[in-house]
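As a plain string of letters, each chain reads:
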Amino acid sequence: MKMLQQELDSVLTGMQGKKILVIGDMVADIYLDGRISRISREAPVLVLEKAGEKIVAGGAANVVNNIATLGGDVYAVGLLGADAAARGLKKVLADNGVHIEGLLSDTKRPTISKTRVVAGGRATVSQQIVRIDAESKEPMGLTFEEKLHQYIESILPEIEGVVLSDYGSGTITEGLQQILISYCQEHDLPSIVDSRYDIRRFHGIGYVKQNDAELAAAVGRKLHSTEEICEAGEELRRELDADGVLVTRGELGMTLVERDGSIHNIPVSDKSEVFDVSGAGDTCVAAVILALVSGAKPAAAARLSNIASGIAVRKLGTSTVSADELRRTIHQLESSK
C-alpha cells in the first residue's frame, strides 16, 4: 500500500495546472430554502418564507468545478441563457478560476436549471418538496455552434485533455464532437466521455465512463455479475474503438476494461456512510482526465478517481473535491491499513 500511496501522491502532484477543455450541458442547480410559515388560505399548501438561495454547478459544470478544485486549469465550453441562473453559474465557476469565455449566452433559451425548493422549520427536518426544471428543447442554432467551434479552435493548441459531458441536452453536436475527437486522436491527447443517454455515438473517444445501469442500457441487457460487467464493457469498448471503459458500480467500486485486455476491479476505498451520490460520477471523470493527462497509467487514474468519488458521496448535494482533501484521504487510507 505504501508504494500505491507514493504513486497516487505523485499523480496528484502531476495533475496540478493541467489544461483541460470540458464541453457539455452546463446546469445550474438552484436551492431555494424556505421556512414553513403557515398553511395557505388559498389552497391546502404550505406558505414558505424565503430564507436563502444558492446556485451550485451541476451537469457538465460540476465536472468543470471538480477539475478546478482538484488543481486543473479548466476551460468550460457550453451554451447558457441570458438570465440569473447563467450569471450565478458563471460566478460560481469564475470564483474557482475557471475560464468561462466559452460559455455563450442565448437570449432565446433559458439556462438549464434544476430548482429545488427545500422547506423546514424550527421543529421539523428540512426536506425537498418540489423540483422545477427549465430547459429548451430546441436544438442549438448554427450561429452558436459556429461560435463555439471558433472558440474551441482558438484554445485547442493549449489544451492537454478533453472531456465530453453529455446530459442529453444537445450541447455536444455531431460537428463539435468530431472536431474534438479527431484533434485528440491526431495529437495523442487523453479524452473521456460521460454520456447518460447516447454513449454509442462517441466513436473514437479515448475513454468511456458509464455507471452499471447506463452500461446495461447501452448493451441492451441486464448485467448481474462482475463477469457480465466486464464482457459488456469490452463489447462497448470494441464498438467505440476506445482505449478503455470505466464502469462505476456504487458500493461495488469500479471496473476498468482496457484495450490490451487488462481488467481492473477496484473496490470502494472507504465504506463509511454514504450521504449523497449526486455528482460523484462528475468527480470521477474530473479525476480520471487529470490523472491521464499527468501521465498516469489508466489503472492508477481509476484508483485515484475511486478515492475522489468516495469523498464526494460523503457530502450532501452536488459537491466538489479539493486536491488537499484527496491527498489527506490517500494518506489516511495508508495509515488505516
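Above this note sits the structure.
What you see as residue numbers is a count from 1 along each chain, following the sequence as written. Side-chain atom pairs in this predicted model are given and counted only at pLDDT of 80 or more, local residue features only at pLDDT of at least 70, and totals for whole chains, interfaces and linings cover all residues. Calculation of side-chain values draws on the structure's entire complement of heavy atoms; hydrogens and water are dropped beforehand.

Enquirer: Outline the overall build of the protein chain, supporting the account with residue identities and numerical values.
Expert: Helix numbers and strand numbers start at the N terminus; a helix is a DSSP run of H or I with at least 4 residues, a strand a run of E with at least 2. Looking only at helices and strands, the protein chain has 10 helices and 13 strands in total. The C-alpha atoms of the protein chain give 20 Å as radius of gyration, which agrees with the globular expectation for 337 residues (20 Å, within 12%). The C-alpha extent of the protein chain, read off along each of the three principal axes, is 65 × 55 × 40 Å. Any two residues whose heavy atoms approach within 4.5 Å at even a single point are treated as in contact. Here the analysis covers contacts within the protein chain between residues at least 6 apart in sequence; of these, 69% occur between residues at least 24 apart. When charges are counted, Lys and Arg contribute as positive and Asp and Glu as negative, whereas His and the chain ends are disregarded. Taken as the charge centre is NZ of Lys, CZ of Arg, CG of Asp or CD of Glu, depending on the residue. In the protein chain, 37 side chains carry a positive charge and 47 a negative one; their mean positions are 6 Å apart. Just to be clear, the radius of gyration here is over C-alpha atoms, and the globule rule we use is 2.2 Å times residues to the power 0.38.

Enquirer: I'd like a description of the nonpolar core, backed by residues and values.
Expert: Definition of nonpolar core: a set of buried residues of the types Ala, Val, Leu, Ile, Met, Phe, Trp, Tyr and Cys, connected through side-chain atoms within 4.5 Å. Exposure is judged per residue with a 1.4 Å probe applied to protein chains only, and the accessible area is read against the type maximum: over 50% gives exposed, under 20% gives buried, and values in between give partly exposed. Formed by 59 residues in total, the largest nonpolar core has its most connected members in M26, I67, V163 and L326. For this core, the element with the highest residue contribution is helix α8 (residues 280–293), accounting for 11 residues. Once residues within four sequence positions are removed from consideration, M26 is found in contact with G58, A60, A61, V64, A76, V77, G78, L80, L89, L103 and I112. Of all hydrophobic cores here, the second largest spans 40 residues; its members include V77, C184, V193 and L236.

Enquirer: I'd like a description of the sheet that holds strand β6 (residues 113–121), backed by residues and values.
Expert: Here we have 4 strands laid out as an open sheet, ordered β3-β2-β6-β7, and mixed in their pairing. Looking along the sheet, the strands with just one partner apiece sit at the ends: β3 (46–59) and β7 (124–134). On average, each strand axis in the sheet is tilted by 20° relative to the strand beside it, whichever way the strands run. Taken together, the 13 bridges between strand β2 (residues 26–39) and β3 define a ladder with antiparallel strand orientation. Its bridge partner lying in β3, D33 is registered against G52. One bridge is not enough; two strands pair if DSSP finds at least two bridges between them. Simply put, an axis is a line fit to the C-alpha atoms, just over the touching stretch for a helix, and the angle between two N-to-C directions goes from 0 to 180 degrees.

Enquirer: Outline the packing of helix α6 (residues 212–219) against helix α7 (residues 226–240), supporting the account with residue identities and numerical values.
Expert: For the pair α6 and α7, interaxial distance at closest approach is 10 Å and the crossing angle is 60°. Comparing their axes, α7 and α6 come out oblique. Once α6 is placed against α7, the crossing between them reads as left-handed. Packed against α6, whose contacting residues are D212, L215 and V219, the element α7 presents I229, A232, G233, E235 and L236 at the interface. Its residues assigned to classes, the contact of α6 with α7 shows 5 nonpolar, 1 polar and 2 charged. Each angle is binned into one of four classes, with values under 35 degrees roughly parallel, values over 145 roughly antiparallel, values of 65 to 115 roughly perpendicular, and all other values oblique. Handedness of a crossing follows from how the near helix is turned relative to the far one, being left-handed for an anticlockwise turn of less than a right angle and right-handed for a clockwise one. Put simply, Ala, Val, Leu, Ile, Met, Phe, Trp, Tyr, Cys and Pro go in the nonpolar bin, Asp, Glu, Lys and Arg in the charged bin, and everything else, Gly too, in the polar bin.

Enquirer: Can you tell me about the environment of I330, naming the residues and giving the values?
Expert: Structurally, the position occupied by I330 is in helix α10 (residues 323–335). A C-alpha to C-alpha distance of 9.3 Å links I330 and A308, two positions 22 residues apart in sequence. Contacts of I330, omitting those with residues within four sequence positions, involve Q5, L8, L304 and I307.

Enquirer: Can you break down the environment of A280 residue by residue, with the values?
Expert: In this structure, A280 sits in helix α8. The exposure class assigned to A280 is buried, which follows from its relative accessible area of 10%. Through-space distance from the C-alpha of A280 to that of A296 is 21 Å; in sequence the pair is 16 residues apart. Discounting residues that sit within four places of it in the chain, A280 has contacts with S309, A312 and V313.

Enquirer: An account of the pairing of strand β8 (residues 161–166) is needed here, citing residue identities and associated values.
Expert: Most of β8 sits inside the fold, with 6 of its 6 residues counted as buried. Inspection of the sheet shows strand β1 (residues 19–24) paired to β8 by 5 bridges, in the parallel sense. Paired with L21 across the strands is V162, a residue of β8. Where β8 and strand β9 (residues 191–195) come together, 5 bridges link them in parallel fashion. Its bridge partner lying in β9, V163 is registered against I192. Crossover β8 to β9 through helix α5 (residues 174–187) is right-handed. The handedness rule is simple: strands pointing away from the viewer, and a clockwise path from the first strand over the helix to the second, make the crossover right-handed.

Enquirer: Outline the pattern of salt bridges, supporting the account with residue identities and numerical values.
Expert: The salt bridge criterion pairs a side-chain nitrogen of Lys or Arg with a carboxyl oxygen of Asp or Glu, the two atoms within 4 Å. A full pass over the atoms with the stated rule returns 17 salt bridges. Residue D73 is joined to K19 by a salt bridge in which the shortest nitrogen-to-oxygen separation is 2.6 Å. Here K19 lies in strand β1 and D73 lies in strand β4 (residues 73–80), a separation of 54 residues in the sequence. Owing to a relative accessible area of 24%, K19 belongs among the partly exposed residues under this scheme. Members of the salt-bridge network, linked through shared partners, are E234, R237 and R238.

Enquirer: Break down the packing of aromatic side chains for me, citing the residues and quoting the values.
Expert: Planes of paired rings set the category: under 30 degrees apart is stacked, over 60 is edge-to-face and the rest tilted, where pairs are Phe, Tyr or Trp rings (Trp by its six-membered ring) whose centres lie within 6.5 Å. Applying the stated criterion to the full structure yields 0 aromatic pairs. Here the guanidinium or amino end of K54 rests over the ring plane of Y31, the centre of that ring lying 5.9 Å away. Ring-over charges, as used throughout, are those where CZ of Arg or NZ of Lys falls within 6 Å of the ring centre and within 35 degrees of the ring normal.

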